[in-house]
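Remarks on the overall topology
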Amino acid sequence: MQLRYSFRLYPNGPQRSALARAFGCARVVYNDALRAREAARANGDAFPKTGDLSRLLITEAKKTTERAWLGTVSAVVLQQSLRDLDTAYRNFFDGLKGKRPRMGAPRFKSRKDNRQAVRFTANARWKITAGGDLSLPKIGDVRVKWSRTLPSTPSTVSVVKDAAGRYFASFVVQTGPDEMLPEVAGQVGIDLGLSHFAILSDGTKIESPRFLRRAEKKLKWEQRRLAREAQGSNNRMKARLKAARAHARVADARREFHHQLSTRIIRDNQAVAVEDLAVKGLARTRLAKSVHDAGWSAFVAMLEYKAARYGRTFVRIGRFEPTSQVCCVCGIKGGPKPLHVRVWACGACGAVLDRDINAAVNVAKAAGLAVSACRAQVRPGLVPAQREEAGTHRDGHTTVAGIPGV
């Protein structure tokens, strides 16, 4: 499978200027191609092909005085910009046909967009130098902070500038079967929540870090400073960067937590089952901020691709499975329960169940995993007392508690 590895870049002043030119040229070619296709659609003409757009908007445009500056960047960057437009149109039409979730039509890019990116393929002849720098055509050797070793030779590299002004090199690499982990006996079902981020069917509860909630005071302060600054001023630009960096710290901490937890679960278990949550629906409730703070979708996506990478089994059960209503001991459905009910007793078998652990066990059972339901039981169920043991004994007389003389 193909994986993407990102590493922090530290370009110097001239290199940042060269990257800004590359971002701008790629954006102009993308917008010119989009404008040409929209004009053809409005006039009822044939849809312009990528080869024709490349010849007209890149090769011929470089010969004009208005677009001569396109020659200051690598031609591969401009070609990849046209491919990005093709991908945007393909995704849009596939959404209309029902082949994928619907998405909007391609839109024009702006120089004020928070994220800027260019892509270099092997034809650009980029390379990693002996000193560990990233050599990019017409940009130079850029310093890279390597946090790990790439598993194979990358095929492409994208240079990304995020909203916080940070630069990243994103490599696409191909993994092989040699990364498969040895088989283990563990099988686990996972119930995702808000009070606890994840509850495993073996009884383990993982606390929710709540990164956004903890940083909320700092974020509010930075957003208020940004709102007070005048539009277009340098102070507003500085305030925008500070706010973006504060948000980036929260996102980075959440992503790191997701990676560490998903890797640990995948390494310790041969099969993993999760529930397909309706995150969009939950995000329209009063719990929206907490739902977005948890980041369930990103975590489940990590579990899925890591399971495929390391040879594990990943199962996603349907979202309408009544995991919180069914007793995992006897299988009797007890009906829906309010969210404040965290522990409940089964009316059929008397087992006292933790709501979250019971749901995790039911997730594993619905996925066909062999898990033990006994760990979901908080304490043994109450056994009905015999008639002669139902009262207190005082002076040899049997009385019902609280009702003297009965």
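Residues numbered from 1 in each chain as written. Predicted model: local features only at pLDDT ≥ 70, side-chain atom pairs only at ≥ 80, totals over all residues. Heavy atoms only, no water.

Here the focus is the nonpolar core. Proteins that are soluble and globular tend to have nonpolar side chains buried together. Counting residues in each nonpolar core, the largest one holds 43 residues, and the members touching the most others are Phe120, Leu134 and Leu136. No other element matches helix α1 (residues 13-43), which puts ten residues into this core. Counting 29 residues, the second-largest nonpolar core is a separate cluster that includes Val250, Phe257, Val272 and Val274. (Core = buried A, V, L, I, M, F, W, Y, C linked by side-chain atoms within 4.5 Å. Buried < 20%, exposed > 50% of the residue type's maximum accessible area, 1.4 Å probe, protein only. Helix = DSSP H or I, 4+ residues; strand = E, 2+ residues; numbered from the N terminus.)

All right, on to the pattern of salt bridges then. In this structure the tally under the stated criterion is 20 salt bridges. One salt bridge connects Arg41 with Glu38, and the closest N-O pair in it is separated by 3.0 Å. Taken together, the positions of Arg41 and Glu38, both in helix α1 and three residues apart, correspond to about one turn of that helix. Of the residues examined, Arg41 reaches a relative accessible area of 59% and is grouped as exposed. (Salt bridge = Lys/Arg side-chain N within 4 Å of Asp/Glu carboxyl O.)

Let us look at the side chain of Asn31. Tracing the sequence through the fold places Asn31 in helix α1. Using a relative accessible area of 10% as the deciding quantity, one classes Asn31 as buried. If near-sequence neighbours (up to four positions away) are discounted, Asn31 is found in contact with Phe108 and Lys109. (Contact = heavy atoms within 4.5 Å.)

Two pairing modes exist for strands in a sheet, parallel and antiparallel, and in both the strands are linked by backbone hydrogen bonds. Strand order across the open sheet formed by seven strands is β2-β6-β7-β1-β5-β4-β3, with antiparallel pairing between neighbours. Looking at the sheet topology across the chains shown, the edges are occupied by β2 (116-120) and β3 (127-128). Pairing analysis gives two bridges linking β3 to strand β4 (residues 134-136), with the strands arranged antiparallel. Across the sheet, the residue bridging to Lys127 is Ser135, located in β4. (Pairing = 2+ DSSP bridges.)

In the sheet, strand β1 (residues 2-10) pairs with strand β7 (residues 167-174) via eight bridges, with the strands oriented antiparallel. By the bridge assignment for β7, Ser6 is matched with Ser170. Where β1 meets strand β5 (residues 140-145), three bridges bridge the pair, whose relative direction is antiparallel. Bridging across to β5, Leu9 finds its partner in Val144.

Right, let's talk about helix α10 (residues 355-366) for a bit. The end-to-end C-alpha distance of α10 is 16 Å, a good match for the 16 Å that twelve residues give at a rise of 1.5 Å each. Within α10, ten of the twelve residues are buried, leaving the element largely enclosed by the surrounding structure. Three or more residues of α10 are buried, namely Arg355, Asp356, Ile357, Asn358, Ala359, Ala360, Val361, Asn362, Val363 and Ala364. Two or three places before Asp356, at the opening of α10, Asp354 has a side-chain oxygen 2.9 Å from that residue's backbone nitrogen. Gly368 occupies a position one or two residues after α10 and carries a positive phi of about 85°. (Expected span 1.5 Å × (residues − 1). Polar contact = N/O pair within 3.5 Å; in protein donor to acceptor, adjacent residues only side chain to side chain.)

Another point: the sheet that holds strand β12 (residues 313-317). With mixed pairing, five strands are arranged side by side in an open sheet as β10-β9-β8-β11-β12. In this open sheet, the two strands that pair with only one neighbour each are β10 (205-207) and β12. When the angles between neighbouring strand axes are averaged without regard to direction, this sheet yields 20°. Alignment of strand β11 (residues 271-275) against β12, held across five bridges, turns out to be parallel. Within β12, the residue paired with Val272 across the bridge is Phe314. Of the strands in this sheet, β8 (187-192), β9 (196-200), β10, β11 and β12 touch α10, which is tilted by about 130° from β8. (Axes fitted to C-alpha atoms, helices over the stretch in contact; angles between N-to-C directions.)

Taken together, the side chains of Phe47, Phe93 and Leu96 define a hydrophobic patch exposed on the protein surface, amounting to about 280 Å² of accessible area. Following the sequence through the fold, Phe47 ends up in the loop between α1 and α2 (50-59). (Patch = residues over 30% accessible without salt bridge, like charges linked within 9 Å, V, L, I, M, F, W, Y side chains within 5 Å. Areas by Shrake-Rupley, 256 points an atom, 1.4 Å probe, with all protein chains shown as cover.)

Moving on: the packing of aromatic side chains. Inspection of the entire model under this criterion finds ten aromatic pairs. Relative to Phe299, the ring of Phe197 lies with its centre 5.1 Å away and its plane at 75°, an arrangement referred to as edge-to-face. Taken together, the residues span a long stretch of sequence, with Phe197 in strand β9 and Phe299 in helix α9 (residues 296-310) at a distance of 102 residues. No difference in accessibility class separates Phe197 from Phe299, as the two residues are buried. Considering the side-chain rings of Phe211 and Phe257, the 6.1 Å spacing of their centres and the 65° angle between planes classify their relative orientation as edge-to-face. Of the two residues, Phe211 sits in helix α4 (residues 211-214) while Phe257 sits in helix α6 (residues 234-268), which places them 46 residues apart along the sequence. Its relative accessible area of 14% is what places Phe211 among the buried residues. (Phe/Tyr/Trp six-rings, centres within 6.5 Å; stacked < 30°, edge-to-face > 60°.)

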